[in-house]
Amino acid sequence: MLSLFTTSVVAQKVTPIDTIKAGKGTPEEQLKQIKAVKVQQLSDSAGTQPKKNPLIDTTFRNKYGDLLNDDIKFNKKYPIWKPAVEVLGINVFTNVLDRALGEDFSHVGPSVWNNNINKGWEWDADRFGINFIGHPYTGSMYFNAARSQGYNYFQSIPFAVGGSLIWEYFGETTRPSYNDLINTPLNGALLGEMFYRLSSNILDDRTRGANRVFREITAGLIDPVRGLNRLLQGKSFRHTTTEVYQKEPLNITLFAGVHKINQDKTVFGAGPTDMLLNIQLDYGNPFEDIYRKPFDFFRLRTELSFGSGRKVLDNLTGYGILVGNNTNIGKLSIMYGAFQYDDYWDNKTFELGALGFGGGLFTKYPISKDVVLYTNAHFALVPLAGNSTRFGPDTSQVRDYTYNDGLEAKIESTINFGKYASASFVYYYFLLHTYVGAAGNNNVSILKPRVTFRLFENVSLGFEHFIYYDDRYLKALPGIHSVRTEQKIFVSWFLEDPQRKGRYN
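The structure reproduced in this document is the subject of the present report.

Now for empty space enclosed by the protein. Per the counting criterion, the structure on display carries nine cavities of 30 Å³ or more. Of the voids in this model, the largest cavity is the one considered here, and its volume is about 240 Å³. Lining the largest cavity are 24 residues, with Ser422, Arg450, Thr452, Arg503 and Tyr504 positioned closest to its centre. Put simply, the parts of the chain that give the lining of the largest cavity at least two residues each are β1 (250-261), β2 (273-283), β8 (401-417), β9 (421-436), β10 (440-456) and β12 (480-495). Each residue belonging to the lining of the largest cavity can be placed in one class, and the counts come to five nonpolar, 13 polar and six charged. Of the voids in this model, the second largest cavity is the one considered here, and its volume is about 140 Å³. Around the second largest cavity, the lining is made up of 14 residues, and of these Arg299, Arg301, Glu412, Tyr428 and Lys448 lie nearest the centre. Looking at the lining of the second largest cavity, the elements with two or more residues in it are β3 (298-306), β4 (313-329), β8, β9 and β10. It is β4 that contributes the most residues to the lining of the second largest cavity, three residues altogether. Of the residues belonging to the lining of the second largest cavity, the class tally is three nonpolar, four polar and seven charged.

As structure tokens, then:
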């Protein structure tokens, strides 16, 4: 008993590994030393998780020495009226901005509000990008009005719902729409939590000078509402001696190159060739044995296309864990859990937006010391999806897509041959039932094998072949079937966090 008491007292006196100590050098020098210690003693050299280490207390910190939660002493929960007022302010600002841009729907007043309340709800005719990117992004701002004021993930969602309701009734002349009330808060929470986590990985209240300014500006660009609140709360200028934000390992992959969009299923056939820029963010280690809160692990990938056509955002896809667990079977490492999914494709082949909830399974199997196989599989229900009724890009100014529910399935598998090469196979499948639009079912599949070869350090040359299958079975019209292909040649730059080894899909 005495031994346990002594151990407890000693543990309480241990200074956290991330602490800056007075008289031990400048903050910049100490932060470099802290990082060096973490890399040396708490890195994920096995690609699964670091070994137990006396430098950390796993009650408050993960196995990399980082906080499991934001430190509530430095991130207090503000009164509920503050995020509520900010949500209202976001809507007022958005309406004023729309009016300044000359948007007719922004001219609201008592007669409009009375009409919206009395006539009720509809499925709106907004453009695809507005409904499946614009509204979720606005939802992320409502969400972060609360999240950045000390509210957790679940407590922040009602503010996104409330912000959406206020806008639908009072922010525009069109009647309230069912699709916005679904998409804005739910995908808004997904994007909002991702933005919050990414900005936390950048922020560090121990830093000073130009380093601090760069961090504050970058984090503010990622999460503008949080950036504003940090200014109002004085956190942008606050200095601490310890880390105060939860941070998980983050791998970043940048892709740049060209892609050829073919008019049919040929390879390098007729069709435009455009430039592409892609960023993939992999947050958290799926194979670390840890209790997981929502979005302790997620992926966000977005691709921009430059060249022919007016559209720049080609696709945005992501998923985040809601609850999950880990296990091992021999050499096989497994994570399983419930996930939220967001898919947005708006390119010269088709439009597809889908919100999903379902289950996912991630595995890692070391075939040899240098050869490792990563695989993940998903199956989800889709309560809301939009799918274009035509092939090719949308150049109209009205809705040309259906509203659907259905199912989605995904499988992604990558085999890494050390740092020298990799081969990947990805398959997405969507079964969509139309409930607003021409009655019928749509089957959409995306198949994309990919290979990469290392050029030097973390830079690789890659080739990816896309095949898009789009089969429509309409009740009142003949079926429509389309197969189109796309080829990508790119250079990728892989920024690997030493605490998250492994080039996943």
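Text resumes after the structure shown.
Turning next to the pairing of strand β7 (residues 371-388). A regular strand places its side chains so that they alternate between the two faces of the sheet. Among the 18 residues that make up β7, 13 are buried, leaving the element largely enclosed by the rest of the structure. Strand direction decides the pairing type here: strand β6 (residues 351-366) and β7, joined by 14 bridges, are antiparallel. By the bridge assignment for β7, Thr363 is matched with Thr375. Where β6 folds back onto β7 in an antiparallel hairpin, the turn is made up of four residues. In terms of strand pairing, β7 meets β8 through 16 bridges, oriented antiparallel. Bridged to Leu373 within β8 is Ile415.

Reading around the barrel, the 12 strands line up as β1-β2-β3-β4-β5-β6-β7-β8-β9-β10-β11-β12 and close back on themselves, with antiparallel pairing between neighbours. If you compare each strand with its neighbour and ignore which way they point, the axes differ by 20° on average. Judged from the 11 bridges that link them, β1 and β2 form a sheet pairing that is antiparallel. Within β2, the residue paired with His259 across the bridge is Asp274. Lying on the sheet, helix α7 (residues 178-202) is in contact with β1, β2, β3, β4, β5 (332-346), β6, β7 and β8; it crosses β5 at an angle near 120°.

Moving on, we come to the packing of aromatic side chains. One pass over the structure, following the stated rule, counts 31 aromatic pairs. Ring centres 5.8 Å apart and planes at 80° place the aromatic pair Trp113 and Phe170 in the edge-to-face group. Taken together, the residues Trp113 in helix α4 (residues 110-119) and Phe170 in helix α6 (residues 153-170) connect sequence positions 57 residues apart. Residue Trp113 is classed as partly exposed on the basis of its relative accessible area, which comes to 30%. Each member of the aromatic cluster is reached from another via a ring pair, and the members are Trp113, Trp121, Trp123, Phe128, Phe132, Tyr169, Phe170, Tyr178, Tyr344, Tyr401, Tyr403 and Tyr435.

Tracing the sequence through the fold places Gly356 in strand β6. What makes Gly356 buried here is its relative accessible area of 0%. Taking the C-alpha atoms as reference points, Gly356 and Leu381, 25 residues apart in sequence, are found 5.4 Å from one another. Here Gly356 is in contact with Phe339, Gln340, Tyr341, Ala380, Leu381, Val382, Pro383 and Glu408, once residues within four sequence places are set aside.

For the rest of this paragraph, the subject is the packing of helix α3 (residues 81-100) against α6. Relative to each other, α3 and α6 sit at 40°, their axes nearing to 10 Å. Considering their axes alone, α3 and α6 lie oblique with respect to each other. Regarding α3 and α6, the two cross each other, and that crossing is right-handed. Across from Pro83, Ala84, Val87, Leu88, Asn91, Thr94, Asn95 and Asp98 in α3, the residues of α6 making contact are Phe159, Gly163, Ile166 and Trp167. In terms of residue class, the contact of α3 with α6 is built from seven nonpolar, four polar and one charged.

Analysis parameters
Residues numbered from 1 in each chain as written. Predicted model: local features only at pLDDT ≥ 70, side-chain atom pairs only at ≥ 80, totals over all residues. Heavy atoms only, no water. 1 Å grid on protein atoms, 1.4 Å probe; cavity = no way out; pocket = protein on both sides within 12 Å on 5 of 7 lines; lining within 4 Å. Points joined across faces, edges and corners; volume = space filled by probe spheres on them. Helix = DSSP H or I, 4+ residues; strand = E, 2+ residues; numbered from the N terminus. Nonpolar A, V, L, I, M, F, W, Y, C, P; charged D, E, K, R; others polar. Buried < 20%, exposed > 50% of the residue type's maximum accessible area, 1.4 Å probe, protein only. Pairing = 2+ DSSP bridges. Axes fitted to C-alpha atoms, helices over the stretch in contact; angles between N-to-C directions. Contact = heavy atoms within 4.5 Å. Phe/Tyr/Trp six-rings, centres within 6.5 Å; stacked < 30°, edge-to-face > 60°. Parallel < 35°, antiparallel > 145°, perpendicular 65-115°, else oblique. Left-handed = near helix turned anticlockwise from the far one by under 90°.

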